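Chains, contacts and geometry: an overview
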Amino acid sequence: MTLLDIAIPSAPGRVAWNREAIGFVAGFLLLALLPLVFGDSYSRHVLIMIFIYAIVASNWDLSLGYGGVFNFGHLALFGIGVYAYSLLAKQAGIDPWIALVASGVIATVAAVLVTIPILRLKGIYIILVTFGFAQLVMQVIISQSDLTGGTQGLVRVPGLYLFDHNMIRDGKIAYFYIALTLLVLSTLFLRLFVRSRAGASIVALRDNEEYAISRGVSLVRQRMVTLAASAFFTGIAGAFYAAYQRNASIDVFGMSLATIILSMVLLGGPSTIYGAIIASFVLTLFSEAMADFGAWRLMISALLIIVIMLVYPSGLVGMIRAVWTMVADRIKRPA
């Protein structure tokens, strides 16, 4: 009998399935009503970008937070999704919806390939290999300028479609709900995964690798499963980004985007999934509110992250739990 054959016990502090399901449905129903409050195209654009960031950040949390794998090539999977969709839909003339799903598959295959050289590595060596992988992908795209546009990128990438609906003049309402649907599917998949036996095994490897291996958990198989699982919706998010923006640029491989997404993972609270989604809202909206501060915006955002992480090392999720516990205790306390 291996660790995977043993039923997963209820972890201390883990929310029951029914309570999480109620919160999950209520939260996303609330998001679905946002277009009724924000009727202008710009506000919906900001929300769409938040959904894209949330998908990428929450999937990075799977490999970085739950798996403990310092995969700094995660944004390369997003970039692969961007260019896979652009090449398939624009250069090959494939239907955009087919290209969207195919981009997720291609990103997953890329994740499996990059896993091979890091199967037995640890720490800084994983960071170096995965970072090198991201740079390699970017250089390949630049070198194949006849297909990819090189440093100039690709423009007029075909967008998605919904029957005869005009998605250009609808105030971004269709793209909003497509992005929200992708976020719902991604979050549902991630939460099902981390609550499964496979999820328990990757956490066991993260917390005590030697003991987990002695109990029958395969380091090679679980590391590959973890990175592959975090790649599919990351690739789809990249494809959706290309379809929405109607262009592909090597800027998606830049350190600035990687820093933003990593900040969302850490600020939200690693090993939560929901934390990365909440932080995507907080950081993006805060950055928009600070737009008039120019260069000071980045410093103010960095200061906000530092303060929260110092007070609540477990991030925004830890802060929310602490506030919830305090309120619940006061309600229960007799007058």
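Note: the structure precedes this text.
Residues numbered from 1 in each chain as written. Predicted model: local features only at pLDDT ≥ 70, side-chain atom pairs only at ≥ 80, totals over all residues. Heavy atoms only, no water.

**What to know about the packing of aromatic side chains**
Test applied: Pairs were defined over the aromatic rings of Phe, Tyr and Trp, the Trp ring being its six-membered one, requiring ring centres within 6.5 Å. Orientation was assigned from the angle between planes: stacked under 30 degrees, edge-to-face over 60, tilted for the rest. Partly exposed describes any residue whose relative accessible area lies between the buried limit of under 20% and the exposed limit of over 50%, with all areas from a 1.4 Å probe on protein chains only and scaled to the type maximum. Both a distance and an angle decide whether a charge sits over a ring: NZ of Lys or CZ of Arg must be within 6 Å of the ring centre and within 35 degrees of the ring normal.
For the coordinates displayed, the defined rule picks out 13 aromatic pairs. Measuring from ring centre to ring centre gives 5.0 Å for Phe-176 and Tyr-177, while their planes differ by 90°; the resulting arrangement is edge-to-face. For Tyr-177, a relative accessible area of 33% translates into the label partly exposed. Grouped by ring-pair contacts, the aromatic residues Phe-51, Phe-176, Tyr-177 and Phe-281 constitute a single cluster. Its guanidinium or amino end placed over the ring of Trp-17, Arg-195 lies 4.5 Å from that ring's centre, counting from NZ or CZ.

**Some points on unusual backbone geometry**
Formally: To qualify as a helix, a DSSP run of H or I must reach at least 4 residues; to qualify as a strand, a run of E must reach at least 2; elements of each kind are numbered from the N terminus.
Backbone geometry at Arg-156 places phi at a positive 55°, although glycine is not the residue there. Within the secondary structure, Arg-156 is located in the loop between β1 (154-155) and α8 (173-194). Exposure remark for Arg-156: the relative accessible area of 71% places this residue in the exposed category. Despite not being glycine, Ser-271 has its phi angle at roughly 65°, a positive value. Position of Ser-271 among the secondary structure elements: in the loop between α13 (255-268) and α14 (274-289). Residue class for Ser-271 comes out partly exposed when judged on its relative accessible area of 24%.

**Overview of the layout of surface pockets**
Let me state the cut-off plainly: Only protein atoms enter the 1 Å grid used here. Points where a 1.4 Å probe fits but cannot escape make up a cavity, open sets with protein on both sides within 12 Å along at least five of seven lines make up a pocket, and a residue lines them when an atom lies within 4 Å of a point. Grid points are joined across faces, edges and corners, and a volume is the space filled by probe spheres set on the points.
In this structure, the second largest pocket encloses a volume near 550 Å³. For the second largest pocket, the lining is made up of 19 residues, of which Ile-260, Leu-283, Thr-284, Ser-287 and Leu-298 are closest to its centre. Of all the elements in the fold, those that place two or more residues in the lining of the second largest pocket are α3 (41-66), α13, α14 and α15 (296-311).

**Looking at α15**
Spelled out, the test is: Here a helix's expected span is defined as the number of its residues, less one, multiplied by 1.5 Å. Of all possible arcs, the one meant is that of the directions from the helix axis to the C-beta atoms. In this description, contact between two residues means that some pair of their heavy atoms is separated by no more than 4.5 Å.
Taking 1.5 Å of rise per residue, the 16 residues of α15 would be expected to cover 22 Å, and the 23 Å separating its terminal C-alpha atoms lies within 8% of that figure. Buried within α15 we find Ser-301, Ile-305 and Ile-308. All buried residues of α15 lie within an arc of 70° about the axis, which places them on one face of the element. Facing away from the buried surface of α15 by more than 90 degrees, the exposed residues are Trp-296, Leu-303, Leu-310 and Val-311. In this structure, the buried side of α15 is in contact with α13, α14 and α16 (315-332).

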